[in-house]
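# Analysis of the macromolecular model
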Amino acid sequence: MIQIWHPCTQMKDHEKYPLIKIKNARGVYLYDFNGNSYIDGISSWWVNLFGHSNERLNRAISNQIASLEQIIFAGFTHEKALELAKLLSEVVPDNLSKMFFAETGSSAVEISIKMSYHYFQNIGQRKRKKFVSLKNGYHGETIGALSVSGEDLYKKAYKSILPKNIVSFSPDCYRCKFGHSRESCNTECFSDIEKILISNGEKICAVIVEPIVQFAGGFKIYPPEYLVKLRNLTSKLGIHLILDEIATGFGRTGKMFACEWADIKPDFMCLSKGITSGYLPLSVVLTTDEVYRAFYDDYTTLKAFLHSHSYNGNAISSAVAVETLKIFKEENVLEKNKEKYKYMRNLIENKFCELQHVGEIRHIGFISAVEIVENKKTKKPFNWKKRTGFNIYREALKRGVLLRNLGDIIYFLPPYIIEPHQIEFLVKAAHQSYLEVLKK
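Starting from 1, residues in each chain are numbered consecutively following that chain's sequence as written. Given that the model is predicted, a residue must reach a pLDDT of at least 70 before its local features are reported, and side-chain atom pairs must reach 80 or more before they are shown or counted; all residues, however, enter totals for whole chains, interfaces and linings. Side-chain measures were taken over the full set of non-hydrogen atoms in the model, leaving aside hydrogen atoms and water.

## Some thoughts on the layout of surface pockets
The space that makes up the second largest pocket amounts to roughly 740 Å³. Only protein atoms enter the 1 Å grid used here, on which a cavity is any set of points holding a 1.4 Å probe that cannot leave and a pocket is any open set flanked by protein within 12 Å on both sides along at least five of seven lines; residues with an atom within 4 Å of a point are listed as lining. Lining the second largest pocket are 25 residues, and of these Lys98, Met99, Phe100, Tyr292 and Phe305 lie nearest its centre. Elements with a contribution of two residues or more to the lining of the second largest pocket: α3 (79-89), β4 (98-102) and β12 (283-287). In DSSP terms, a helix is any run of H or I states spanning at least four residues, a strand is any run of E spanning at least two, and both are numbered starting from the N terminus. With 4 residues, β4 is the single largest residue contributor to the lining of the second largest pocket. Classification convention: Asp, Glu, Lys, Arg as charged; Ala, Val, Leu, Ile, Met, Phe, Trp, Tyr, Cys, Pro as nonpolar; all other residues, Gly among them, as polar. Class assignment for the residues of the lining of the second largest pocket results in 17 nonpolar, 4 polar and 4 charged. Grid points are joined across faces, edges and corners, and a volume is the space filled by probe spheres set on the points.

Right, dumping it as structure tokens:
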């Protein structure tokens, strides 16, 4: 029997929980074939910015299909790729003047680490072969991307075939190993990666991090000062800094890109997810003139960067990305979002703050996360086998909201077009689902 094998899923679960077949979607709502609706509280896995079946985005795709859908991107270019490059150049850090197009976030990470390694090979620093990442960091699930991830849930089964890189202790402001709170923090946690970089400096190509928020690692939010220290030290040691803004970019943290909180400029930036508002696969790796020049030479020197995928620079994906950036520019999105996410935060705090098993509530921009624990005082988590967060997610579906959990963390990451009454419905359903599951 032919069966679709779904991602990030133990397929046996569907013996008890049948797959939900979605018929159509509009705005913040998903509609199934049984007439049920669900508020998309997680932006369909963090990608959707301006709602489902958005008229502007639909029109941009329709117009593009009528003229050009796809061409080889080696030796050719097209109008929408050029327009996208121009619009991106207006919002990214001004040192990132070179752009390499790909399809997915994992591809962008693969490209950035290959490009960093290849850069050092081209300039004669051939001892540099290692990459450093953070524990709980997530950068994708292809082999190279997994090798620079620090989240064992995705990585453990494949460790024996992964390139051997270095993982540093990561900042964790809820369970600080130095005993500090967010208010008393002086980024003492930076000392671990500092020792790694200083003692291995000549062997390291780059450090890769998710700036400010570690998404798949539990929506851990850390202070901008950590990034400032990291940028200063990597610059001093001649090590590249790769910022994975695949999930944090395009306004999720309240600024266009999370690195703006620290006012730093990386050597590489990886973008995807929201770049097309969740419509089509597209990713971009941005880098500096210095990196670009290390590859720019006569063909016979064999210094060219020969990474290629069939759909690099796809015209339809580029067109919807262009329209996404135009919406940001023309509709003052970042400013309008502030009132909405402040309202959402207040509702979440009022509903969850005093609950017995809520350990911490974290917010930044349009991201809110509620960490559920067995013991609030000791911060002891529930036994993971109880699947407390998963049961809340299942209960929330009955109440008309998609609120997929990360372990025992319930998070809120809705499309930006969500309205106050929809926010109220979302938070109320999450609260009721928590109460229903925890009373059992």
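Structure shown, so let's carry the discussion forward.
## Points about the domain arrangement of the chain
How far each domain reaches was decided by an automatic or database domain assignment. Per the domain assignment, the segments of the chain are domain 1 (58-331) and domain 2 (333-439). A separation of 28 Å is found between the C-alpha centroids of domain 1 and domain 2. Opposite the 23 residues of domain 1 that make contact, domain 2 presents 23 residues. Accessible area, probed at 1.4 Å, shrinks when two parts are joined; the buried area is that loss added up over both. Counting each side, the surface lost to burial between domain 1 and domain 2 is near 2100 Å², with a carbon and sulfur contribution of 62%. Each salt bridge in this description consists of a side-chain nitrogen of Lys or Arg and a carboxyl oxygen of Asp or Glu lying within 4 Å of one another. Where domain 1 touches domain 2, the interface holds 2 salt bridges. A salt bridge links arginine 175 to glutamate 371; the nearest nitrogen and oxygen atoms lie 2.6 Å apart. We define a polar contact as two N or O atoms separated by no more than 3.5 Å, with the added condition that, inside protein, one atom must be a possible hydrogen donor and the other a possible acceptor, whereas residues neighbouring each other in sequence contribute only through side-chain atom pairs. On the surface where domain 1 and domain 2 come into contact, there are 14 residue pairs in polar contact (both at pLDDT 80 or more). Contacts are residue-level and defined by heavy atoms, with any inter-residue pair within 4.5 Å sufficient.

## With respect to the UniProt feature "binding site: substrate" (unreviewed entry) in the chain
Cross-referencing UniProt, the feature "binding site: substrate" (unreviewed entry) maps to Trp45, Tyr138, Lys273, Ser308 and Arg404 in the present numbering. In summary, the annotated positions, distributed over 360 residues, remain apart in three dimensions as well, the widest C-alpha pair reaching 34.0 Å. In this structure, tryptophan 45 sits in helix α1 (residues 43-46). Burial classification: accessible surface area is computed with a 1.4 Å probe over protein chains only, and a residue below 20% of its type maximum counts as buried, one above 50% as exposed, and the rest as partly exposed. Taking relative accessible area as the criterion, tryptophan 45 reaches 37% and is therefore assigned partly exposed. Summarising the element assignment, tyrosine 138 is placed in the loop between β5 (130-134) and α5 (143-147). UniProt positions are given in the numbering used here, feature names are shortened, and annotations may be inferred rather than shown by experiment.

## What about the sheet that holds strand β13 (residues 358-364)?
Pairing is antiparallel across the open sheet formed by 3 strands, whose spatial order is β13-β14-β16. Each having just a single partner strand, β13 and β16 (409-412) make up the two edges of the open sheet. The mean inter-strand angle of the sheet, taken between neighbouring strand axes irrespective of direction, is 15°. At least two DSSP bridges between two strands are needed for those strands to be called paired. Sheet topology places β13 next to strand β14 (residues 367-372); 6 bridges connect them, and they run antiparallel. Along β14, the bridge assignment pairs isoleucine 364 with isoleucine 367. In this description, a line fitted to the C-alpha atoms serves as the axis of each element, helices being fitted only across the stretch in contact, and the angle between N-to-C directions of two axes falls anywhere from 0 to 180 degrees. Lying on the sheet, helix α11 (residues 333-352) is in contact with β13, β14 and β16; it crosses β13 at an angle near 175°.

## With respect to empty space enclosed by the protein
Under the counting rule described, the total for this entry stands at 2 cavities of 30 Å³ or more. By volume, the largest cavity is sized at about 110 Å³. Around the largest cavity, the lining residues are Phe169, Asp172, Cys173, Cys176, Lys177, Phe178, His180, Ser181, Cys185, Thr187, Glu188 and Cys189. Considering only residue class, the lining of the largest cavity consists of 6 nonpolar, 3 polar and 3 charged. Volume-wise, the second largest cavity comes out at about 30 Å³. If you go around the second largest cavity, the residues you meet are Asp172, Cys173, Tyr174, Arg182, Lys220, Ile221, Glu360 and Arg362. Where the lining of the second largest cavity is concerned, the elements lending two or more residues are β9 (220-221) and β13. In terms of residue class, the lining of the second largest cavity is built from 3 nonpolar, no polar and 5 charged.

## Overview of the environment of cysteine 189
For cysteine 189, the position within the fold is in the loop between β6 (166-168) and α7 (190-200). Residue class for cysteine 189 comes out buried when judged on its relative accessible area of 12%. Between the C-alpha atom of cysteine 189 and that of serine 368, which follows or precedes it by 179 residues, the distance is 23 Å. Contacts of cysteine 189, omitting those with residues within four sequence positions, involve Phe169, Pro171, Phe178 and Tyr226.

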